[in-house]
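Summary of structural features
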Amino acid sequence: MVHPEIGLEVVIDSSITKHHKQPTTTIGRKQSAIKTPSKRSQQGVIATINAGYFRICMSLGGQALLWKTLSEKTDISPTFGNLFTKIPSTAFFLIWSLAVCIFVSLSILYILRCIFHFKMVKSEFHHHVGVNYLFAPWISWLLLLRSAPSFIFPHKYSYEYVWWPLIVPVIALDLKIYGQWFTTEKRFLSMVANPTSQMSVIGNLVGAHAAIKMGWKESGICLFTLGMTHYLVVFITLYQRLSGNNHLPSRLRPVFFLFVATPSMAALAWKSINGNFDMLCKMLFFLSLFLFTSLASRPVLFKKSLKSFSVAWWAFSFPLSFLALASTAYAQQVKGVTANGLALILSTISVLVFVFLLVCSTLKIDSLLRNPVLSFSDEN
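Residues numbered from 1 in each chain as written. Predicted model: local features only at pLDDT ≥ 70, side-chain atom pairs only at ≥ 80, totals over all residues. Heavy atoms only, no water.

The tally for this structure, following the rule as stated, stands at 25 aromatic pairs. Taking 5.2 Å as the distance between ring centres and 50° as the angle between the ring planes, the aromatic pair formed by Phe235 and Tyr239 counts as tilted. Taken together, the positions of Phe235 and Tyr239, both in helix H10 (residues 217–240) and four residues apart, correspond to about one turn of that helix. Given a relative accessible area of 16%, Phe235 falls into the buried group. Following the ring pairs from residue to residue traces out a cluster consisting of Tyr231, Phe235, Tyr239, Phe256 and Phe259. Taking the ring centre of Tyr133 as reference, the NZ or CZ of Arg55 above it sits at 4.4 Å. (Phe/Tyr/Trp six-rings, centres within 6.5 Å; stacked < 30°, edge-to-face > 60°. Helix = DSSP H or I, 4+ residues; strand = E, 2+ residues; numbered from the N terminus. Buried < 20%, exposed > 50% of the residue type's maximum accessible area, 1.4 Å probe, protein only. Lys NZ or Arg CZ within 6 Å of the ring centre and 35° of its normal.)

Right under this line is the structure:
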């Protein structure tokens, strides 16, 4: 009778010890789970900001250039000319100043990212989409340089001192990316091509457009040739690969509007080189107008990407600004009611989209900065 009682006591003790140990382990797990978000919150915005956020600056720079162009045009036509010239120059200067402030802020955050999260930057550089947006900071600077008020760069030498440090990184990235397309098997264009591959082309075209302001026609032709040669290759590759959108997350589908931005910017760059909006410029403008109509008539393509606001929405803005700029140059050359009406419609759409995105970004700034479309690992 004694032994069963001893055995019973042993069973009870073991069950008690088990029940006492389980709460401590679950509490420990809960505490560790609570600590994980706090570590992420400590990383904050620096860990989430990637080069794709500079598309906001590209949109602001393109919009500033559009407002500057519209405020300066006095010979578009008697029908719409008065409406264009009523745009105050102070509005353009405010947009340009806002663009500079936002660009400087993003640049500081990205520099801190390079210092504290260099492995993330390295991972971004090796990503087939992220590497293309490394052109975005330099494109933004070139657009701000091209749209800067005249009193900031009173002579071409001060403009030149800024242009050179901006174009050198673009050429260095060209050598890296275009070289990979030629020589690296895993990085062949047919393997990594996606709509963001056009960012490298836009970088060359914006550089050519800015070079002409200094009177450097040969440099402009060189950059234009480099950009357009690769644009033909990229455009044909993307056109043939029907599954190309599989390389992009559904939230990134607004970057399909880069198809509109590239020929529009090419038309503006060639106009600055040639001096007038000739036949080639018109062909490029009509191509961009057709591509815009084709994308605008397929809203289902962007249905998933529009469910929640993200920085990818800004990919709608700067292509529309480039298209509006090209339409304004076309209207100035043709001087017809239809051409000017088209320029007015496209410019209005561009401004409305820009204002809408600016308001949404202001109201949802926390979500915008802390929920990137693309995330990169901090591990090797």
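One pass over the full model with this rule turns up two salt bridges. With its nearest N and O atoms 3.1 Å apart, the salt bridge here joins Asp366 to Arg370. Taken together, the residues Asp366 and Arg370, both in helix H15 (residues 365–370) and four residues apart, mark about one turn of the helix. (Salt bridge = Lys/Arg side-chain N within 4 Å of Asp/Glu carboxyl O.)

Take the side chain of Gln63 next. Tracing the sequence through the fold places Gln63 in helix H2 (residues 55–72). Leave out the neighbours within four places in its chain, and Gln63 touches Ile95, Ser321, Ser350, Val351 and Phe354. (Contact = heavy atoms within 4.5 Å.)

A separate point is a nonpolar patch on the surface. A contiguous nonpolar surface patch, about 280 Å² in accessible area, is contributed by Phe93, Phe151 and Ile152. Examined against the element boundaries, Phe93 turns out to sit in helix H4 (residues 89–116). (Patch = residues over 30% accessible without salt bridge, like charges linked within 9 Å, V, L, I, M, F, W, Y side chains within 5 Å. Areas by Shrake-Rupley, 256 points an atom, 1.4 Å probe, with all protein chains shown as cover.)

Turning our eyes to something else, we now look at unusual backbone geometry. Apart from glycine, the bulk of residues carry a negative phi angle, and the bulk of peptide bonds sit in the trans form. In the Ramachandran plot, Lys335 falls in the positive-phi region, its phi being about 60° despite a non-glycine side chain. With respect to the secondary-structure elements, Lys335 resides in the loop between helix H13 (317–334) and helix H14 (337–363).

Here we come to the packing of helix H12 (residues 279–296) against H13. The interhelical angle for the contact between H12 and H13, taken along N-to-C directions, is 135°, at an axis separation of 10 Å. Classed by the angle they form, the pair H12 and H13 counts as oblique. Crossing geometry of H12 relative to H13 is assigned as left-handed. Contacts between H12 and H13 pair Lys282, Phe285, Phe286, Ser288, Leu289 and Phe292 from the former with Leu320, Leu323, Ala326, Ser327, Tyr330, Gln333 and Val334 from the latter. (Axes fitted to C-alpha atoms, helices over the stretch in contact; angles between N-to-C directions. Parallel < 35°, antiparallel > 145°, perpendicular 65-115°, else oblique. Left-handed = near helix turned anticlockwise from the far one by under 90°.)

Averaged over every residue, the pLDDT of the protein is 82; the share at 70 or more is 81%. Within the protein, the element-level pLDDT minimum falls on helix H1 (residues 2–48), averaging 46, and the maximum on H12, averaging 96. Low pLDDT (under 50) marks residues 1–42, which in the prediction has zero contacts with non-local residues, meaning those over four places away or in another chain. (pLDDT = per-residue confidence, 0-100.)

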